[in-house]
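Chain by chain, the residues:
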Number of protein chains: 2
Amino acid sequence: MKILIKNIAEIYSPFVELRKNQFILIEDQIIKKIGKMSKINQIKEYDYLIDADKKIVLPGYINTHSHAAMTLMRGYADDMPLDRWLQNKIWPFEAEMDADDIYWGTALALMEMIKTGTTTFSDMYFAMDRVADIVGKSGIRAVLAEGLIEANDGQEGLNKALKFALDYSGAADGRITTMLAPHAPYTCGREYLEQIRDLARENSLPIHIHLSESKKEIFDFLEKHQLSPVKYLAEFDFFANHVLAAHCVHLESGDLEIISDNNIQIAHNPMSNAKLANGIAPVKKYLDKGVNVSLGTDGVSSNNSLDMLKEAKMASYLQKIKYSDPTAISTKSILEIITINGAKALALSNVGLIKEGYQADLQLIDINNSTFFYPHHNNLSNLFYAADSGSVDTVIVAGKVLMENKELKTLDTEKIYYEAEKRALKIAQKLR
Amino acid sequence: MKILIKNIAEIYSPFVELRKNQFILIEDQIIKKIGKMSKINQIKEYDYLIDADKKIVLPGYINTHSHAAMTLMRGYADDMPLDRWLQNKIWPFEAEMDADDIYWGTALALMEMIKTGTTTFSDMYFAMDRVADIVGKSGIRAVLAEGLIEANDGQEGLNKALKFALDYSGAADGRITTMLAPHAPYTCGREYLEQIRDLARENSLPIHIHLSESKKEIFDFLEKHQLSPVKYLAEFDFFANHVLAAHCVHLESGDLEIISDNNIQIAHNPMSNAKLANGIAPVKKYLDKGVNVSLGTDGVSSNNSLDMLKEAKMASYLQKIKYSDPTAISTKSILEIITINGAKALALSNVGLIKEGYQADLQLIDINNSTFFYPHHNNLSNLFYAADSGSVDTVIVAGKVLMENKELKTLDTEKIYYEAEKRALKIAQKLR
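Keep in mind that what you see is a predicted model, and the values were worked out from it rather than measured.

## Re the overall build of chain A
Then step 1. Helix and strand counts for chain A come out as 15 helices and 18 strands.
Then step 2. For 432 residues, the compact-globule estimate of 2.2 N^0.38 gives 22 Å, and chain A sits close to it at 21 Å.
Then step 3. If one aligns the C-alpha atoms of chain A with their principal axes, the spans along those axes are about 65 × 45 × 45 Å.
Then step 4. Counting only residues that meet the buried cut, chain A has 65% of its 432 residues in that class.

Okay, structure coming up:
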């Protein structure tokens, strides 16, 4: 299958200057050729034509930390103290969710992701075989891991999570890769974490974990172990693996060096950290130190969307505030964080750039029909600082069109709305 | 003219519990009757019917601080140190803008405001007679003031600003009211400000001013006057008038009491304060003290949109961060800040609520066709914390439909895009 995208107004991709008036030829899953419109007559054969007149092309966004099925809890609990929010609302709701609920909650999440320009997401949740099912159907790219809380899941859960990781690695024509995901150093004991460390190494699996999210976590660790969570994990060589650490909001002295020296991959979740009042992660410091920072939405219940464009603007503006520096995190830097940095964080090769030989994971954004793109001084600024996801027009993953002219091609909108709504309200009703 | 809106799923308005399955009858400019759908047969006569099935109704948003024509500078200068941004980019661009540019820049701004659910805005800029022209045509409600910088405008400018304020008060069938707008205490000298204070009092005109925006402003005032800007103005009784103060990010000891005692109206601009790295205003403190806080976008060049929904989410999440408190600024509080508080700040009566006898300034929001509204646990949370302005379906101001089914009724979209684009790029080209 060959797809030709013609008349592209502008292509934005990390590390490359802005390219204007371009075409892109996609062959099977791959970006085969990028060229100037004046050379388009070189392309003799294609099966499908997309006219990108007055549209710009970017790599699809890469959401490196989510709990997709939590869409079912959108708006269910807001503006509450953290412990009451978790204990009285989130955990009881999750306890009522079965594998089918997770399937439909994830389906709603995938609709939202595709509509808002996300082409890859990383998920840590439960019933991941069902998540993999809907990922397969949707056409999106995903890095999946069964979340492990030692007290709930124990050895049996770990065995199941490992089996999932091994069985599903490379599933859906290679669109699915997997990780091991101990929830956090405060919900998994040292021996459990050491076991996961070894299993990850033996099976070449990356690890996805929550780390240094709240002040309370740091405080408790210092009291219990006389070590920050980062130092505690470093002590037993947990970071010898590829580790994707979500949040990393709070640093104790020496933590930054450990993160940098061990090449820890950061999933920054500014919206969730703000909503739950956990603070602002020191992203500028990480970047200055050469640490790879990517962007995640976290679950919908602490966001309350999976919209990476909102996340990007929040990330930039919060760093400007934190460092009293309006130059902190430029649009160019956002573009890297939201695309190629995400691919690195998820250990994905040939993903995250508009570049020949890379996976054809990209989006077309309409710059003609929204006030947010007028005037056209700088479309990347207009996108990240002004627009909303309503301008995402077409989304392609691994060479397959998942949305065109804002119409979803692989997911049944009405069925997903119906199922997600019914299941979410039923659980809320039961818990009332 | 009587407009009947039927089948409203929910009405949200400050101070009133959620109302479901309602109708609203608008007669001329006024909300005449609100009732349950079961009683709609009481309404025998109407000229125009709107079916609000699967839509919710809110008061239109009230943007209390903007410089609308700065839309022409969207994306023109970002991620720069404040002084270079102003001196090398914003001021030179503004110096090239003529009255026609301001007209078309404001027209673009009004399109954006109406599309994003804003029904009233407060503007401080230049060539305000031209701003009033397009406000009149658009149908939006506006509070207009000619901005005054003493060194530029002097006595002549003040005379002109006063004449504008008197001539245009009550213009456009009462949709336009006016203020006097000395730019800031650091760009207008004491005698100039005293003169404005007296003219405001004599002519019953409110005052719109920038106040305590940056740390530098506070530092300079303390050095020059040994007083904070707030105390400096209080010393010569500037606050005896109705004063709308934009920003108020930084408080020195005693400032909060002065603001509260003098009933100073705050226009909070969280996005602009973040982008320019000025900080986070102490909104929670103001509210706890009973100070009226409203919401503004500031100019597009420091935002970069006029989208009050983005502003509202930012306002809430920044307060949660600032006070390490996830309960800070609930959705209920946002609803007040973005509607009725704005009306109070702008000295508008009978505006800002969905209430019989109030001006019919309202919006219909589609909760059926966006993932952001699924599931429907809480539509106000879904609106403020998840949605984007793409769900705004219909906007009515003073009983006139300005947008219906997302189609603008009073403004010529193509013409405005063309003119704004042409003029903005021409100025940028000239300055290159």
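Don't stop here, the text continues.
## Topic: the relation of the copies chain B and chain A
Turning one copy of the chain about an axis and sliding it along that axis gives the other copy, so a rotation and a shift relate them.
Then step 1. Overlay of chain B on chain A (RMSD 0.0 Å): rotation 180°, translation along the axis 0.0 Å. Here the copies are linked by what is in effect a two-fold axis.
Then step 2. Both copies present the same face, since 100% of the interface residues in chain B are matched by interface residues at the equivalent positions in chain A.

## Let's talk about the interface of chain B and chain A
Then step 1. On the side of chain A, 66 residues touch chain B, which itself brings 66 residues to the contact.
Then step 2. Joining chain B to chain A, the criterion identifies two salt bridges.
Then step 3. Here Asp79(B) makes a salt bridge to Lys320(A), at a shortest N to O gap of 2.7 Å.
Then step 4. Connecting chain B to chain A are 34 residue pairs in polar contact (both at pLDDT 80 or more).
Then step 5. Residue assignment for the side of chain B that touches chain A shows that the elements contributing at least two residues are helix H1 (82-96), helix H2 (99-115), helix H9 (270-275), helix H11 (308-322), helix H14 (379-386) and helix H15 (413-431) of chain B.
Then step 6. Counting residues per element, the side of chain B that touches chain A draws most heavily on H11(B), at seven residues.
Then step 7. Of the residues assigned to the side of chain B that touches chain A, the class counts are 31 nonpolar, 21 polar and 14 charged.

## Focus: the UniProt feature "domain: Amidohydrolase-related" (unreviewed entry) in chain A
Then step 1. The UniProt entry lists residues 56-401 of chain A under the feature "domain: Amidohydrolase-related" (unreviewed entry), expressed in the numbering used here.
Then step 2. The distance from the first to the last C-alpha atom of residues 56-401 of chain A is 16 Å, and the span holds 43% helix and 18% strand.

## With respect to the nonpolar core
Then step 1. Leu58(A), Leu144(A), Phe384(A), Leu58(B), Leu144(B) and Phe384(B) are the most contacted members of the largest nonpolar core, which totals 249 residues.
Then step 2. Setting aside residues up to four positions removed in sequence, Leu58(B) forms contacts with Tyr12(B), Leu335(B), Ile354(B), Leu362(B), Gln363(B), Ile365(B), Leu380(B), Leu383(B) and Phe384(B).

## Regarding the packing of helix H2 (residues 99-115) of chain A against helix H15 (residues 413-431) of chain A
All names here are of chain A.
Then step 1. The N-to-C vectors of H2 and H15 enclose an angle of 130°; their axes lie 9 Å apart at closest approach. In terms of orientation, H2 lies oblique with respect to H15. As for how H2 packs across H15, the hand of that crossing is left-handed. Residues Asp-100, Asp-101, Trp-104, Ala-107, Leu-108, Met-111 and Lys-115 of H2 form the contact with H15, whose own contacting residues are Thr-413, Lys-415, Ile-416, Tyr-417, Glu-419, Ala-420, Arg-423 and Ile-427.
Then step 2. Its residues assigned to classes, the contact of H2 with H15 comprises eight nonpolar, one polar and six charged.

## Considering the pattern of salt bridges
Then step 1. Inspection of the entire model under this criterion finds 46 salt bridges over all chains.
Then step 2. Between Glu112(A) and Arg74(A) there is a salt bridge, with the nearest N and O atoms lying 2.6 Å from each other. Of this pair, Glu112(A) sits in helix H2 while Arg74(A) is found in the loop between strand S6 (61-66) and helix H1 (82-96), placing the two residues 38 residues apart along the sequence. For the pair Glu112(A) and Arg74(A), one class covers both residues: buried.
Then step 3. A salt bridge links Arg190(B) to Glu194(B); the shortest N-O distance between them is 3.0 Å. Here Arg190(B) and its partner Glu194(B) are both found in helix H5 (residues 190-202), four residues apart, which amounts to about one turn of the helix.

## Structural notes on the pairing of strand S12 (residues 243-247) of chain B
Residues and elements named next belong to chain B.
Then step 1. Burial runs high along S12: five of the five residues are buried.
Then step 2. Note: strand S11 (residues 207-211) against S12, five bridges, orientation parallel. What sits directly across from Leu-211, in S12, is His-247.
Then step 3. The pairing of S12 with strand S13 (residues 265-268) spans three bridges and is classified as parallel. What sits directly across from Ala-245, in S13, is Ile-266.
Then step 4. Once you follow S12 into helix H8 (residues 255-261) and on to S13, the crossover reads as right-handed.

## Description of the UniProt feature "binding site: Zn(2+)" (unreviewed entry) in chain A
All names here are of chain A.
Then step 1. As recorded in UniProt, the feature "binding site: Zn(2+)" (unreviewed entry) lies at His-65, His-67, His-210 and Asp-298. In sequence the annotated residues extend across 234 residues, while in space they remain close, none of their C-alpha pairs exceeding 11.9 Å.
Then step 2. Along the chain, His-210 falls in strand S11 (residues 207-211).
Then step 3. Of the polar contacts made by the side chain of His-210, one reaches the side chain of His-65; its length is 3.2 Å.

## Structural notes on helix H4 (residues 150-168) of chain B
Residue and element names in this part refer to chain B.
Then step 1. Taking 1.5 Å per residue, 19 residues should reach 27 Å; H4 reaches only 22 Å between its end C-alpha atoms and comes up short.
Then step 2. The sharpest bend along H4 reaches about 65° and sits at Glu-156.
Then step 3. Looking only at H4, the buried set comprises Gly-154, Gly-157, Leu-158, Ala-161, Leu-162, Phe-164 and Ala-165.
Then step 4. Taken together, the buried residues of H4 touch helix H3 (128-138), strand S8 (141-148), strand S9 (176-178) and H5.
Then step 5. Of the residues one or two after H4, Gly-170 is the one with positive phi, at around 85°.

What counts, and at which threshold
- Residues numbered from 1 in each chain as written.
- Chains lettered and ligands numbered in written order.
- Predicted model: local features only at pLDDT ≥ 70, side-chain atom pairs only at ≥ 80, totals over all residues.
- Heavy atoms only, no water.
- Helix = DSSP H or I, 4+ residues; strand = E, 2+ residues; numbered from the N terminus.
- Rg over C-alpha atoms; globule rule 2.2 N^0.38 Å.
- Buried < 20%, exposed > 50% of the residue type's maximum accessible area, 1.4 Å probe, protein only.
- Least-squares fit on C-alpha atoms with pLDDT ≥ 70 in both.
- Contact = heavy atoms within 4.5 Å.
- Salt bridge = Lys/Arg side-chain N within 4 Å of Asp/Glu carboxyl O.
- Polar contact = N/O pair within 3.5 Å; in protein donor to acceptor, adjacent residues only side chain to side chain.
- Nonpolar A, V, L, I, M, F, W, Y, C, P; charged D, E, K, R; others polar.
- UniProt positions renumbered as here; feature names shortened; annotations may be inferred.
- Core = buried A, V, L, I, M, F, W, Y, C linked by side-chain atoms within 4.5 Å.
- Axes fitted to C-alpha atoms, helices over the stretch in contact; angles between N-to-C directions.
- Parallel < 35°, antiparallel > 145°, perpendicular 65-115°, else oblique.
- Left-handed = near helix turned anticlockwise from the far one by under 90°.
- Pairing = 2+ DSSP bridges.
- Right-handed = clockwise from strand over helix to strand, strands pointing away.
- Expected span 1.5 Å × (residues − 1).
- Bend = angle between axes of the 7 residues up to and from the residue.

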